[in-house]
Amino acid sequence: MNTKIFYITCLSAIILFLAACDKQLLYPVPESILTTANAFNTAKDLNLATLGVYSAYQARLPHDYELIGAPSDNMYAEYFATAPGIADIALLTVSSDNPKLNSFWKDTYNGIFRANSVLINIDKPTDYGATQKEQLTGEAKFMRALFYFDLVRIFGGVPAVTSAINFTDARQLPRASEEDIYNLIVTDLKDAVASLPPPTSIATGRASKAAALAFLGKVYVYRANWTEAKSSLEQLFSGYNYKLVTNYRDLFRIETEDNSEVIFKIPYVSGTNGQSLTYDLIPNGGAYGISTGGNRVCRPTWDLETAFEKEDSRLEATIEDSSKAYIAKPADSPIWYPYFTKWVVPTSIATSSGLDIPVFRLADMILLYAEALYHLGKPDEALVQINKVRERAFGNTAHDYTMADISTDETFMDKLLLERRLELAVENNRWFDLVRSGRFTSVLTTIQGEYNPSTGKAVLIPLNAKPFMKYFPIPYEQIQLAAPGILKQNDGYN
């Protein structure tokens, strides 16, 4: 089978996936365990195949900022040999032959193929433990929904693959509508809510009923289905004991990465199965006391930094203005060299950080809940939710918003989107928030890039976002691999 068009087979090997609390997740799967001759015969086989679904997402996630974060007003990107194509993404001059787009498409359909393989073969084993079959079904549907959620937000409608399909059939598969893809996502998540156990009954790093409720609530907000969003998020809040951590910085420290705020995260272990965000975001000469090297692929914009109030604890946890190289001496003075600090932790292996990456956390859900409440005619209740997040950021109520601050729909969205920008910076939400709110064309005109303290000015970056840019182009390679005329390009692109 030629698998280039949508997916890469994973039956011969499952990539190592790591997580706390489940010893099976700490070791690689032998290459012979899931060959086509013996695959999916036992509950163990299906469990390992399910871990393989997570591993596809785990491998892709640390690089998602290159496609999802770079085009926002939070990041300033340049060309680097290790990230070809990122400059065009950041400047919204991306074309269909951009390598980042094609890699993302293939890696994401690889994950969908893995999830489909679990679901197609879920009835084969006869040795499941109590509720194990339901759990694995829910996990596969949760992850399939996650992959499709990323695809539909980036490309719009995409081919809907939910079963085994050969190369000939794959070439004839057109794009489903955006609405159809969202319907698939909602159906999968409803099934996941019904099938998955609570967080206390499943290993860290695997999807739970709470994670599915949080995800479903977020999808409903994207679809402006405020009633269902409110219902899903209220079930999450009332059914589980999630709480905002006191210190925002603790969300991004290895010592405190297992905390009361994280609903679903992807785990990593330095040197064994680490992620590269520390290396990608710190300066090229590394950072004193942190890491021997770095890439500084994306830099914080002055636009983002000046959006923070100085008393906001999230500023220091997100951006560092000065830096010393790894080889610097203790007495050396730092130089002006801003970089993102949110994912930066000390590591002895520059390219292998052990910091887990949250995918869904409570503050995101609280702000989405505020949005739903406001649109349901409850602005006073929405304000309470936004201020919960602000009070954690400032450590007091002195910076709370009042009803006068959100007196119109426009001013409410101003405050909400600003709060989401500051709270979730470098967490792959800003671009999507601007697109779904229809504000990206007004916000992404000209932004302030890197600030130069010697001139007192920031580099101005012209973006000139156009309405068609809410979606990226379908990768050229995928259009060529499909039968002629099957995969239609998005409007505005060749």
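Residues numbered from 1 in each chain as written. Predicted model: local features only at pLDDT ≥ 70, side-chain atom pairs only at ≥ 80, totals over all residues. Heavy atoms only, no water.

Novice: Please set out the side chain of N98 residue by residue, giving values where relevant.
Specialist: Mapping N98 onto the fold places it in the loop between α3 (86-90) and α4 (99-121). A distance of 2.9 Å separates a polar atom in the side chain of N98 from the backbone nitrogen of K100. Not counting chain neighbours up to four residues away, the residues in contact with N98 comprise G85, D88 and I89. (Helix = DSSP H or I, 4+ residues; strand = E, 2+ residues; numbered from the N terminus. Polar contact = N/O pair within 3.5 Å; in protein donor to acceptor, adjacent residues only side chain to side chain. Contact = heavy atoms within 4.5 Å.)

Novice: Which residues make up the nonpolar core, and what values do they have?
Specialist: If you look at the biggest cluster of nonpolar residues, it comprises 146 residues, and the most contacted ones within it are F142, Y148, F155, I185, L236 and F264. With 13 residues, helix α5 (residues 132-155) is the largest single contributor of residues to this core. I282, A287, I290 and V344 belong to the second-largest nonpolar core, a separate cluster that totals 5 residues. (Core = buried A, V, L, I, M, F, W, Y, C linked by side-chain atoms within 4.5 Å. Buried < 20%, exposed > 50% of the residue type's maximum accessible area, 1.4 Å probe, protein only.)

Novice: Break down the environment of E320 for me, with residues and values.
Specialist: Within the secondary structure, E320 sits in strand β4 (residues 319-323). By relative accessible area, which is 28% here, E320 ends up partly exposed. Residues E320 and P484, spaced 164 residues apart in sequence, show a C-alpha to C-alpha distance of 50 Å. Not counting the four nearest positions on each side in its chain, E320 is found in contact with Y337, P338, Y339 and T341. A polar contact of 3.2 Å, which involves the side chain of E320, links it to the side chain of S322.

Novice: How would you explain unusual backbone geometry if you had to name every residue and give the values?
Specialist: The residue L92 is not glycine, and still its phi comes out positive at about 60°. Relative to the helices and strands, L92 resides in the loop between α3 and α4. Classification of L92 as buried rests on a relative accessible area of 7%. Of note, N464 is a non-glycine position whose phi angle comes to about 50°, a positive value. Summarising the element assignment, N464 is placed in the loop between β8 (457-462) and α18 (476-481).

Novice: Describe the side chain of S232, with residues and values.
Specialist: In this fold, S232 is placed in helix α9 (residues 226-239). Contact partners of S232, with chain neighbours within four places excluded, come to L213, L216, G217 and Y220.

Novice: Run through the pairing of strand β6 (residues 357-361), naming residues and quoting values.
Specialist: Across the 5 residues that make up β6, a large majority, 5, are buried. Both strand β2 (residues 262-266) and β6 contribute to a ladder of 4 bridges, which runs antiparallel. Bridging across to β6, K265 finds its partner in P358. (Pairing = 2+ DSSP bridges.)

Novice: How would you sum up helix α14 (residues 379-394)? Please name residues and give values.
Specialist: Over its 16 residues, α14 extends 22 Å from the first C-alpha to the last, a length consistent with the 22 Å expected when each residue adds 1.5 Å. Looking at α14, one finds that the buried residues are A382, L383, Q385, I386, N387, V389, R390, R392, A393 and F394. Turning to α14, the residues buried within the fold contact α12 (313-318), β6, α13 (362-375) and α15 (409-423). After α14 finishes, the residue G395 shows a positive phi value of roughly 80°. (Expected span 1.5 Å × (residues − 1).)

Novice: Please give an account of the environment of E305 that cites residues and values.
Specialist: Within the secondary structure, E305 sits in helix α11 (residues 302-305). C-alpha of E305 to C-alpha of A482: the two residues are 177 residues apart in sequence and 44 Å apart in space. Among all residues touching E305, those that are not within four sequence positions of it are L315, I319 and D321.

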